[in-house]
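The primary structure of each chain is shown beneath.
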Amino acid sequence: MPTYIVLLGPPGVGKGTQAKIIAERLSLPHVSSGDLFRENIKNGTPLGQLAQSFINKGELVPDDVTIGMIRERLSRPDCAGGALLDGFPRTTFQAEALDALLAEFGGQVDYVPYITASEETLVERLSGRWTCRAQGHVFHEKHNPPRQPGVCDFDGSELYQRDDDRAETVVRRIQVYFQQTEPLIAYYRARGRLHEIDGAQPIEKVTADLLAVLGR
Ligand code: ADP
Ligand code: ADP
């Protein structure tokens, strides 16, 4: 049976950072809705054009568009054994759609590690985040600096600061998280899938807690 893991938590808590590490350890593809949108924007696709205005304002991209994109991604052969989902689902409607989709694939949401940190920590992490153009690797100018400023350690591509990591947009994204995504905590807790993890710890400690939750 395929294994599906959903990483839940507010913007900036460290989902992407952990997803890259865990996906490699578990040999599962890292499926990041944010990365998929940014790839579409970079390639100038109609999906990217539609998503961009929402992303720039810190709002969620409409559910139907987002679900369609994830359905297509999870249908690809590399996801036959499951996937590590990062940034999806973000609304109750998306969570219900995911349950239905995984049932089609003969699977289910197996684990939902829920990573937490204070709002102050989130703002500080997002404002110091540098993202790699090629593959979305992330660094932090203070907590997780690249070996060479402005250059990705993993693929040598340029690091940039995301437009939506500007202070005004960050505040809106965190608000949107509390309004639209927080209900998923109760959704997955009721289904016995939720595992809370303290995201304020150093990266290595968060990884160790995650692996313990996943029984690895
Ligand atoms: P998310 O995907 O949840 O938005 P990221 O993984 O992109 O979060 O991390 C946000 C920022 O915080 C990045 O700059 C990253 O390097 C940094 N970061 C991630 N985890 C930690 C941690 N445990 N301690 C300090 N900084 C972290
Ligand atoms: P972060 O890593 O900081 O949490 P993401 O890269 O996951 O941010 O998301 C960036 C933006 O992409 C979001 O603010 C939102 O506009 C859009 N987005 C990503 N995932 C979803 C989703 N599941 N539903 C709707 N919009 C999404």
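Details of the structure are given in the entry above.
These numbers were taken from a predicted model, which means no experiment stands behind them.

Conventions used here
Residues numbered from 1 in each chain as written. Chains lettered and ligands numbered in written order. Predicted model: local features only at pLDDT ≥ 70, side-chain atom pairs only at ≥ 80, totals over all residues. Heavy atoms only, no water. Core = buried A, V, L, I, M, F, W, Y, C linked by side-chain atoms within 4.5 Å. Buried < 20%, exposed > 50% of the residue type's maximum accessible area, 1.4 Å probe, protein only. Helix = DSSP H or I, 4+ residues; strand = E, 2+ residues; numbered from the N terminus. Contact = heavy atoms within 4.5 Å. Near = heavy atom within 4 Å. Polar contact = N/O pair within 3.5 Å; in protein donor to acceptor, adjacent residues only side chain to side chain. Areas by Shrake-Rupley, 256 points an atom, 1.4 Å probe, with all protein chains shown as cover.

> Looking at this structure, how should I read the nonpolar core?
If you look at soluble globular proteins, the nonpolar side chains tend to sit buried side by side. Counting 31 residues, the largest nonpolar core has Leu 8, Val 31, Leu 74, Leu 85, Leu 98 and Tyr 188 as its most contacted members. Breaking this core down by element, the ones donating at least two residues are β1 (3-7), α2 (33-42), α3 (46-57), α4 (63-74), β3 (82-86), α5 (92-104), β4 (109-116) and α8 (183-190). Sorting elements by how many residues they give to this core places α4 first, with five residues. Look past the residues within four positions of Leu 74 in its chain and what remains in contact with it is Val 31, Cys 79, Ala 83, Leu 85, Leu 98, Leu 101, Leu 102 and Phe 105. The next biggest cluster of nonpolar side chains, apart from the first, holds 13 residues, and it includes Ile 5, Leu 26, Leu 28 and Leu 210.

> Looking at this structure, I do not really get the site of ligand 1. What am I missing?
As a structural note, the neighbourhood of ligand 1 is formed by 19 residues, with Gly 12, Thr 17, Arg 129, Phe 139 and Gln 201 the closest of them. Between ligand 1 and Gly 16 there is a distance of 2.8 Å, counted from an oxygen atom to a backbone nitrogen or oxygen. At 2.6 Å, a side-chain N or O of Arg 129 approaches an oxygen atom of ligand 1. Taking 560 Å² as the accessible area of ligand 1 by itself, protein coverage stands at 93%.

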